[in-house]
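A look at the structure
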Amino acid sequence: MDEISFEVQGSAPEPYLVTFVRRSPTNLSAYCSCPAGENGQYCKHRFAILDGAENSLVSSNASDIQIVQSWLPGTDVEAALLRVRELEKEAEEIKRELSSAKHALARAMRD
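So, a few notes on the structure that sits alongside this text. (Residues numbered from 1 in each chain as written. Predicted model: local features only at pLDDT ≥ 70, side-chain atom pairs only at ≥ 80, totals over all residues. Heavy atoms only, no water.)

1. Regarding the layout of surface pockets
Worth spelling out the cut-off: Put simply, the grid is 1 Å and covers the protein atoms alone, a cavity is a trapped set of points that fit a 1.4 Å probe, a pocket is an open set with protein on both sides within 12 Å along at least five of seven lines, and lining residues have an atom within 4 Å of a point. Grid points are joined across faces, edges and corners, and a volume is the space filled by probe spheres set on the points. Numbering of helices and strands runs from the N terminus, with a helix taken as a DSSP run of H or I at least four residues long and a strand as a DSSP run of E at least two residues long. In this classification, Asp, Glu, Lys and Arg are treated as charged, Ala, Val, Leu, Ile, Met, Phe, Trp, Tyr, Cys and Pro as nonpolar, and every other residue, Gly included, as polar.
A volume near 290 Å³ is recorded for the largest pocket. Lining the largest pocket are 13 residues; nearest its centre among them are Tyr42, Phe47, Leu50, Val77 and Leu81. Listing elements by their share of the lining of the largest pocket, those giving two or more residues are strand E3 (27–32), helix H2 (44–50) and helix H4 (76–110). Of the residues forming the lining of the largest pocket, the biggest block, six residues, is contributed by H4. When the residues that make up the lining of the largest pocket are grouped by side-chain class, the tally is nine nonpolar, no polar and four charged.

Put into structure tokens, the structure is as follows:
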């Protein structure tokens, strides 16, 4: 089992602790001490590390981000993360289409 932790500055005065645990090549767990993370909800701090973001990192182990990212392929977390990203892209497209439809409706109502 491998474990790496990061201190990440969030909205609270004290940094949050973000910990990744690789239990096996297909099992990756991630924990965060922020309110959302402690309640098992979506936590942007964990995903920022997976995306390679260093901007809110306050610990001195930025090079460990690459290690954590190397643990991702083949895990259940990777599959779930890919699905979230797919749906985010679809949601953006739907937002664009909805905006266009609303403009068309507004134009139709003026005629």
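2. With respect to the side chain of arginine 46
Let me state the cut-off plainly: Residue exposure (1.4 Å probe, protein chains only): buried if accessible area is under 20% of the type maximum, exposed if over 50%, otherwise partly exposed. His is not counted, nor are the chain ends; Lys and Arg add positive charge and Asp and Glu add negative charge. The working definition used for a salt bridge is a side-chain nitrogen of Lys or Arg within 4 Å of a carboxyl oxygen of Asp or Glu. Between N or O atoms, a polar contact is any pair within 3.5 Å; within protein, one atom must be a potential hydrogen donor and the other a potential acceptor, and residues adjacent in sequence are included only when both atoms are from side chains.
Positionally, arginine 46 belongs in helix H2. Here arginine 46 is buried and forms no salt bridge, its nearest opposite-charge partner glutamate 38 lying at an N-O distance of 11 Å. There is a polar contact of 3.1 Å between the side chain of arginine 46 and the backbone oxygen of alanine 30.

3. Side note on the nonpolar core
Grouped burial of nonpolar side chains is what soluble globular proteins tend to show. Applicable threshold: Note on terminology: a nonpolar core comprises buried Ala, Val, Leu, Ile, Met, Phe, Trp, Tyr and Cys residues joined through side-chain atoms within 4.5 Å. Note on definitions: a residue-residue contact is assigned when non-hydrogen atoms from the two residues lie within 4.5 Å.
If you look at the biggest cluster of nonpolar residues, it comprises 18 residues, and the most contacted ones within it are Phe6, Phe20, Ile49 and Val68. The residues contacting phenylalanine 20, other than those within four sequence positions of it, are Asp2, Glu3, Ile4, Phe6, Leu28, Ser29, Ala30, Arg46, Ile49, Leu50, Val68 and Trp71.

4. So, the pairing of strand E2 (residues 16–24)
Worth spelling out the cut-off: Strands were regarded as paired on the criterion that DSSP finds at least two bridges between them.
Strand direction decides the pairing type here: strand E1 (residues 2–8) and E2, joined by seven bridges, are antiparallel. Bridge pairing in E2 places glutamate 3 opposite valine 21. Two elements, E2 and E3, share six bridges in a ladder whose sense is antiparallel. Bridge pairing in E3 links valine 21 to serine 29.

5. Regarding the packing of aromatic side chains
This is how it is decided: Planes of paired rings set the category: under 30 degrees apart is stacked, over 60 is edge-to-face and the rest tilted, where pairs are Phe, Tyr or Trp rings (Trp by its six-membered ring) whose centres lie within 6.5 Å.
Here the structure, examined in full by the defined rule, presents two aromatic pairs. Where tyrosine 42 meets phenylalanine 47, the ring centres are 4.7 Å apart and the plane angle is 10°; that geometry is what we call stacked. Residue tyrosine 42 is classed as exposed on the basis of its relative accessible area, which comes to 55%. With relative accessibility at 22%, the residue phenylalanine 47 sits in the partly exposed group.

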